[in-house]
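Coordinate analysis (summary)
Spelled out, the chains give:
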Amino acid sequence: MATVLARTGRHQQRYEDKLRLVSGCIPYRLIENHEDHSTDLEKSIEVLMISSPNRSDLVFPKGGWEDDETVEEAACREALEEAGVKGILNLREKPLGVWEFRSKSRQETCSLEGGCRGVMFALEVTEELESWPEKENHDRKWLSISEAFELCRYEWMRRALDAFLRVMEEEDRKLERREEVVEPDPTPVVVTDVVAECTIMSANFYKPSCGQHRGIRPISV
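1. Regarding the nonpolar core
Where a protein is soluble and globular, its nonpolar side chains tend to be buried together. Ile26, Tyr28, Ile45, Val47, Phe60, Leu161 and Phe164 are the most contacted members of the largest nonpolar core, which totals 48 residues. The residues touching isoleucine 26, leaving out its near neighbours within four places in the chain, are Val47, Phe60, Leu96, Met120, Phe121, Ala122, Leu123, Ala160, Leu161 and Phe164.

See below:
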């Protein structure tokens, strides 16, 4: 497998209204020991957070959105570089939201005023790498939703986590309604194998084909 290097420098950084544009994600997985997640979805989800040197609190992967990539590609790239995970941006590719904040520790990495505008997505993790570009700087840890709220460094990331939970709950309700409507059809149906096409957007981002909806499913841990 080819070595992936983290991007450095600011020469391709996007800015808007004197704000540095940032893209990130909340990596998550569904755990199998709570199969009836419709009654307590929060307990069936774990999110992945990363540490920073000399800090006890945690953050979600995020970084500068550069001018040669889409905002979705930037989010997936940051997940790979900082947390060593690959996955699928789901929830119909809609971002969880956009938040404006100030960089408290390194104002010079944003605009002159230290302002940033961040777009956050939900990333369903499909692969965890043993080695990743920024492994020396970031440890990663799977947490429950309540643990993530407690350990999250920034208030704006807590708001993103709250938005993530609301969207997941809405997706779960939609799935329940579809299951209630569907009834078995006694008529035999011949089904042919269909291979869903995917468009590779980047080394870490896969866009489901039109009309394909990704439902919630648990994974073993």
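From this point, the narrative continues.
2. Topic: helix α1 (residues 71–83)
Between its first and last C-alpha atoms α1 spans 18 Å; for 13 residues at 1.5 Å apiece the expected length is 18 Å, and the two agree. Within α1, 12 of the 13 residues are buried, which leaves it mostly tucked inside the rest of the structure. The complete set of buried residues in α1 reads Val71, Glu73, Ala74, Ala75, Cys76, Arg77, Glu78, Ala79, Leu80, Glu81, Glu82 and Ala83.

3. Topic: unusual backbone geometry
The phi torsion at lysine 18 lies on the positive side, around 65°, for a residue other than glycine. Its place among the elements puts lysine 18 in the loop between β1 (15–16) and β2 (19–30). According to the relative accessible area criterion, lysine 18 is exposed, its value standing at 62%. We note that asparagine 54 has phi near 65°; this positive angle belongs to a residue other than glycine. Note that asparagine 54 resides in the loop between β3 (45–51) and β4 (58–59).

4. Details of the confidence of the model for the chain
Low pLDDT means the predicted coordinates in that region are not meant to be read closely. For the chain, mean pLDDT is 78; residues scoring 70 or higher make up 67% of the total. Note that pLDDT drops below 50 for residues 189–203; the model gives that stretch 14 contacts with residues more than four away or on any other chain. Contacts of residues 205–221 to residues separated by more than four positions or lying in other chains number 44 contacts, the stretch itself having pLDDT below 50.

Calculation criteria
Residues numbered from 1 in each chain as written. Predicted model: local features only at pLDDT ≥ 70, side-chain atom pairs only at ≥ 80, totals over all residues. Heavy atoms only, no water. Core = buried A, V, L, I, M, F, W, Y, C linked by side-chain atoms within 4.5 Å. Buried < 20%, exposed > 50% of the residue type's maximum accessible area, 1.4 Å probe, protein only. Contact = heavy atoms within 4.5 Å. Helix = DSSP H or I, 4+ residues; strand = E, 2+ residues; numbered from the N terminus. Expected span 1.5 Å × (residues − 1). pLDDT = per-residue confidence, 0-100.

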